[in-house]
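Structural features, examined
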Amino acid sequence: NNQYNNYHNNTISRSYRQCFDTSQGLIFVLDSSKYDHIDTARKDLQRLLQQMTSSSQELSVLILANKQDLTNAMSASDLSQILDLQQLLH
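Rules behind the numbers
Residues numbered from 1 in each chain as written. Predicted model: local features only at pLDDT ≥ 70, side-chain atom pairs only at ≥ 80, totals over all residues. Heavy atoms only, no water. Helix = DSSP H or I, 4+ residues; strand = E, 2+ residues; numbered from the N terminus. Buried < 20%, exposed > 50% of the residue type's maximum accessible area, 1.4 Å probe, protein only. Polar contact = N/O pair within 3.5 Å; in protein donor to acceptor, adjacent residues only side chain to side chain. Contact = heavy atoms within 4.5 Å. Salt bridge = Lys/Arg side-chain N within 4 Å of Asp/Glu carboxyl O. Patch = residues over 30% accessible without salt bridge, like charges linked within 9 Å, V, L, I, M, F, W, Y side chains within 5 Å. Areas by Shrake-Rupley, 256 points an atom, 1.4 Å probe, with all protein chains shown as cover. Core = buried A, V, L, I, M, F, W, Y, C linked by side-chain atoms within 4.5 Å.

Our next topic: the environment of S32. Mapped onto the fold, S32 is located in the loop between β1 (25–31) and α3 (38–53). Take S32: its relative accessible area is 0%, and that puts it in the buried class. Counting along the chain gives 35 residues from S32 to K67, while the straight-line C-alpha distance between them is 6.0 Å.

Structural data, given as structure tokens:
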């Protein structure tokens, strides 16, 4: 969560940026019950992927939708559409 907050606040340190150059994958965790944060999560994911793919040819991505046990959690299908995963990952 601390890394997300640092990224979200546009205060990624140089060490994070250097990690992008050697990264082979991304694990992106989001709270699937927070509808009011999903647009920010989509933009953050898009920004991260743009930065990471500029330095890597292949990138594995895991999106972990936390809190799926809650009744108000977004489904995997809804998250895929809202995050525009088909567009982002191709």
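Further remarks concern unusual backbone geometry. A positive phi angle, close to 70°, is found at K67, a residue other than glycine. Turning to its location among the elements, K67 is positioned in the loop between β2 (60–66) and α4 (76–82). Given a relative accessible area of 35%, K67 falls into the partly exposed group. If you check the backbone angles, D84 has positive phi at about 55° while not being a glycine. With respect to the helices and strands, D84 occurs in the loop between α4 and α5 (85–88).

Moving on to the side chain of S32. Polar side-chain contacts of S32 include one of 2.8 Å to the side chain of Q68. Those residues in contact with S32 that lie beyond four places of it in its chain are A65, N66, K67, Q68, N72, A73, M74 and L79.

So, on to the pattern of salt bridges. What the rule picks out here adds up to four salt bridges. Put simply, K43 and D39 hold a salt bridge, and the shortest N to O gap is 3.2 Å. Pair noted here: K43 and D39 are both in helix α3, with a separation of four residues, about one helical turn. Classification of K43 as partly exposed rests on a relative accessible area of 39%. Accessibility expressed as a relative area gives 35% for D39, which makes it partly exposed.

Together, I27, V29, L62 and L64 line one region of the surface with nonpolar side chains, adding up to about 380 Å² of accessible area. Position of L64 among the secondary structure elements: in strand β2. The class for L64 is partly exposed, based on a relative accessible area of 43%.

Bringing the nonpolar core into the picture now. As a rule of thumb, soluble globular proteins bury nonpolar side chains together. Counting residues in hydrophobic clusters, the biggest one holds 13 residues, and the most contacted among them are L26, F28, L30, I38, L45, L79 and L83. Looking at this core, the elements with two or more residues in it are β1 and α3. Top element by residues in this core is α3. It accounts for six residues. Excluding anything up to four places from it in sequence, L79 contacts L30, S32, I38, A65, Q68 and M74.

Read these as geometric descriptors, not functional statements.
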